Amino acid sequence: MTISVQEYFTKKTPVRKKEPQYVAFINKNSCTSCNSCASMCPVDCIYEVPGFPSESYHQIDTARCIGCQMCYRVPSESTGPWTMEICPWNAIDLIYNPNFKSDRESLLAPYYVGESKGEGEELDLHKLEELGYQLYLNRRVHIRPESVLEENYAPFLKPTWSLREEDEPFAILVKSETDDFQEIYETTAEGSEFVDFLYHDYEHMFLD
């Protein structure tokens, strides 16, 4: 039975001390059971699902995954960025853990004024922080209508952000183009200034 990520983390009891921000997930259609990932896992939560020759694949016990990324990529140097990929088939993705609670305040938190404007939204600002970094890199995002991404980026479309107290709140994104297959959103002038200010020296191991 296939369930959503949210359902998984709601119904499963993780066997770990604390919730990681991300857990690893293997796309079985791309996996060749080469064992590269399993050989790197420090908690031994990656196992082979047997099948006919050439049809076996590896899977990750998501409840035990600690989000260390050792199966995904590792630093080229002890202090270097995380760039060297482990999986030769690019079959591993990192899934955001909706139960993750960070010990630090999100970069976006001081600049979100939605609550004071009566929006009343309880936003996952740590997830938005990651999406904002993508906007810093690309200045635009392509989204299929009614996709999960459309919902994820929706808070950036509202005038609920402000860099300075004296400024009028602004939207970070605006829809620029649309066709039968996708909608293109681009950063506003204020949004570009905003992401430049926040992310010009940002370091994040999950995105590059």
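Bear in mind the structure is a predicted one, so any value in this text is a computation, not a measurement.

A. Representation of the pattern of salt bridges in the model. On inspection of all chains with the given rule, the structure shows 6 salt bridges. Asp167 serves as the salt-bridge partner of Arg164, at 2.9 Å between the closest nitrogen and oxygen. For Arg164, a relative accessible area of 37% puts it in the partly exposed group. With relative accessibility at 27%, the residue Asp167 sits in the partly exposed group. Residues Lys175 and Glu183 are paired through a salt bridge, measuring 3.3 Å at the closest nitrogen-oxygen approach. Ionic contacts of the salt-bridge type, sharing partners, join the residues Arg164, Asp167 and Glu193 into one network.

B. Layout of unusual backbone geometry. Its identity as a non-glycine residue notwithstanding, Ser33 has a phi of 60°, on the positive side. Relative to the elements of secondary structure, Ser33 occurs in the loop between strand S1 (22–26) and strand S2 (46–49). On the basis of relative accessibility, which here comes to 16%, the residue Ser33 falls in the buried class. Even without being glycine, Gln69 reaches a positive phi, approximately 70°. Note that Gln69 resides in the loop between strand S3 (57–60) and strand S4 (73–75).

C. Here's a closer look at the packing of aromatic side chains. By the definition in use, this model includes 10 aromatic pairs. For the pair Tyr153 and Phe156, a centre-to-centre distance of 6.3 Å together with 55° between the ring planes defines the contact as tilted. Here the two residues Tyr153 and Phe156 agree in accessibility, since each one is buried. Here Trp161 and Phe194 contribute two aromatic rings whose centre-to-centre distance is 6.1 Å and whose plane-to-plane angle is 55°, an arrangement assigned as tilted.

D. Expanded view of the nonpolar core. Counting 24 residues, the largest nonpolar core has Leu108, Leu128, Leu135, Tyr153, Phe156, Trp161 and Phe194 as the members making the most contacts within it. Secondary-structure elements contributing two or more residues to this core are helix H2 (125–138), strand S7 (140–143) and helix H4 (189–199). The element that contributes the greatest number of residues to this core is H2, accounting for 5 residues. For Phe194, the residues in contact, after removing those within four places along its chain, are Leu108, Tyr111, Trp161, Leu163, Phe170 and Ile172.

E. Layout of the pairing of strand S8 (residues 173–178). Direction of pairing for S8 relative to strand S9 (residues 183–187): antiparallel, over a ladder of 5 bridges. Within the sheet, the bridge partner assigned to Glu177 lies in S9 and is Ile184. Counted along the chain from S8 to the antiparallel partner S9, the turn is 4 residues long.

Rules used in this analysis
- Counting restarts for each chain: residues are numbered from 1 in the order of the written sequence.
- Residues qualify for local features only when their pLDDT is at least 70, as the model is predicted, and side-chain atom pairs are given and counted only at 80 or more; totals for whole chains, interfaces and linings, by contrast, use all residues.
- Derived side-chain values reflect all non-hydrogen atoms in the structure, with water molecules and hydrogen atoms excluded from consideration.
- What makes a salt bridge here is a side-chain nitrogen of Lys or Arg within 4 Å of a carboxyl oxygen of Asp or Glu, nothing more.
- Residue burial is assigned from relative accessible area. The probe radius is 1.4 Å, only protein chains are included, and a residue is buried under 20% of its type maximum, exposed over 50%, and partly exposed in between.
- Helix and strand assignments come from DSSP, with helices taken as H or I runs of at least 4 residues and strands as E runs of at least 2, each series counted from the N terminus.
- Note on ring pairs: Phe, Tyr and Trp rings are taken, using the six-membered ring of Trp, and paired if centres are within 6.5 Å. Classes follow the plane angle, with under 30 degrees stacked, over 60 edge-to-face and the rest tilted.
- In these notes, a set of buried Ala, Val, Leu, Ile, Met, Phe, Trp, Tyr and Cys residues joined through side-chain atoms within 4.5 Å is what counts as a nonpolar core.
- Should any heavy atoms of two residues lie within 4.5 Å, those residues are counted as being in contact.
- Pairing between two strands is assigned when DSSP locates at least 2 bridges connecting them.

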